[in-house]
There are 2 protein chains.
Amino acid sequence: MAASRSKASAEEPNRRADIVRAAGRLFHEKGYSATTIRDIAGAVDMQSGSPFYHFKSKHDMLRAVVLEGMDTINTAVARAATSGKSPRATFEAMLRAHLDQLLGSAGRDFAATLLHESRHLDREAQAEVVALKDGYEAMWQQALNDLKQAGLIADDSPVARLFLMGALNWTVQWYRPDGSRSVAQIARQFARLLIDDTHRG
Amino acid sequence: MAASRSKASAEEPNRRADIVRAAGRLFHEKGYSATTIRDIAGAVDMQSGSPFYHFKSKHDMLRAVVLEGMDTINTAVARAATSGKSPRATFEAMLRAHLDQLLGSAGRDFAATLLHESRHLDREAQAEVVALKDGYEAMWQQALNDLKQAGLIADDSPVARLFLMGALNWTVQWYRPDGSRSVAQIARQFARLLIDDTHRG
DNA sequence: TGCTACCAAGCAAGCGCTTGCTTGACAAGC
DNA sequence: GCTTGTCAAGCAAGCGCTTGCTTGGTAGCA
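(A) Highlighting the interface of chain B and chain A. Listed by partner, the interface residues are 32 residues for chain B and 32 residues for chain A. Here chain B packs against chain A, burying approximately 2800 Å² in sum over the two surfaces, 67% of which is carbon and sulfur. The largest per-residue losses of area from chain B upon contact with chain A belong to Phe163, Trp170 and Leu193 of chain B, which jointly make up 28% of the total buried on that side. Joining chain B to chain A, the criterion identifies two salt bridges. Here arginine 119 of chain A makes a salt bridge to glutamate 117 of chain B, at a shortest N to O gap of 3.0 Å. Summed over the shared surface of chain B and chain A, the result is ten residue pairs in polar contact (both at pLDDT 80 or more). Every element with two or more residues in the side of chain B that touches chain A is listed here: helix 1 (15-30), helix 5 (108-117), helix 7 (158-174) and helix 8 (183-194) of chain B. In terms of residues, the side of chain B that touches chain A owes the most to one element, helix 7 of chain B, which gives ten residues. A class-by-class count of the residues in the side of chain B that touches chain A yields 14 nonpolar, eleven polar and seven charged.

(B) Inspection of the environment of histidine 28 of chain A at higher detail. Residue and element names in this part refer to chain A. As for its position among the elements, histidine 28 is in helix 1 (residues 15-30). Judged by relative accessible area, which is 24%, histidine 28 ranks as partly exposed. Considered as a pair, histidine 28 and threonine 113 are 85 residues apart in the sequence and their alpha carbons are 5.3 Å apart.

(C) Representation of the protein's contact with DNA strand D in the model. Taken together, 17 residues lie around DNA strand D, and Gln47, Ser50 and His54 of chain A together with Thr36 and Lys58 of chain B are the ones closest in. A distance of 2.9 Å is found between a phosphate oxygen of DNA strand D and a backbone nitrogen or oxygen belonging to isoleucine 37 of chain B.

The rules behind each value
- Residues numbered from 1 in each chain as written.
- Chains lettered and ligands numbered in written order.
- Predicted model: local features only at pLDDT ≥ 70, side-chain atom pairs only at ≥ 80, totals over all residues.
- Heavy atoms only, no water.
- Contact = heavy atoms within 4.5 Å.
- Buried area = accessible area lost by both parts, 1.4 Å probe.
- Salt bridge = Lys/Arg side-chain N within 4 Å of Asp/Glu carboxyl O.
- Polar contact = N/O pair within 3.5 Å; in protein donor to acceptor, adjacent residues only side chain to side chain.
- Helix = DSSP H or I, 4+ residues; strand = E, 2+ residues; numbered from the N terminus.
- Nonpolar A, V, L, I, M, F, W, Y, C, P; charged D, E, K, R; others polar.
- Buried < 20%, exposed > 50% of the residue type's maximum accessible area, 1.4 Å probe, protein only.
- Near = heavy atom within 4 Å.

This is the structure in structure tokens:
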């Protein structure tokens, strides 16, 4: 989905994907505006004009990075949401999936760029992202509704969802891969903070 | 504290404060890197070279904005923290103070710039901010400890604090002043999401 | 007379992006 | 087997413009 038409085969050296990865990392580290085409080109050993063979503008590179971020996190959490376990176990699996994409080395840069640099997209691309995000948040809303149905939480209002999304997305600001807490541990602790354990066995 | 030596008197037309305000608003809206000196100068009806009479660099303007943000939010929450009410009431007052600074028209731009643009500060200025932030978060840690002592929450670990700070700070992304929820309402609902009401009367 | 606060002009560097051209791989024609 | 044509992928150079910041000068007030 990130590439609109080309196959996402990873066999051959795919320079376009290299550029997206490098752009993602740099956008994450320095921000979109502070990242130059020369930075990106240098990171993949190209001359500064060459990326424009693959993308028609810097803005288009940001769009590719952000859509890649939406796609991977959406896929990961959707899989966790349909794993068919109990509401509580499903919820924790979703937390772990979200945090894995946000903090793990695989998609970290894409997800972080999605969260912090989307405002630099033009109106059209932003509408694209918002549409995907609405679907994503609906998934979380459903999970909260299920938890309430099961009597595990007291509040499943939209504000509760935003409260949760904030806590999750803010981990980008403080999580360190070499720190003492694993992603799975954080996911479990977050679940406990929301779910009223006194109502369980 | 925002201005290192000059008095913070607001009586006379203080052009330096005007610049800080305009810079804060623009940094918040467009980001630090995407904001130009000409943007800032234009916003206060100056020529593009004139702000440099008051600041020695663009970086210094960012530093002033960020320190102003830290100072105002720190002051507001510290006052709420020492109001001498019950742990529960004190906590909710702190939530409201934090959200007021973050979402209210008074200090919104300073606080948001603090949260999102601090990474563009040099190492020295960042250390300055981190030191202030550590003190600020210690205040919240104390509040959580008090709540636990009173039997109102089950977890007062640092992760719980980070969880809370994330939920709070993320409100910047979704709160709209013309929306249906007031800041006070959000503060109360956030308090209820954390505090186990089943243990109260 | 001296100082504060600013303007008008502009500099050097860097920006996103375009252009004309080269290179290596592969296939068709003879 | 050798030439010829085509194409993807990128290089080298640089264009027009913007950037943060500097400089010399000056109006207005004390």
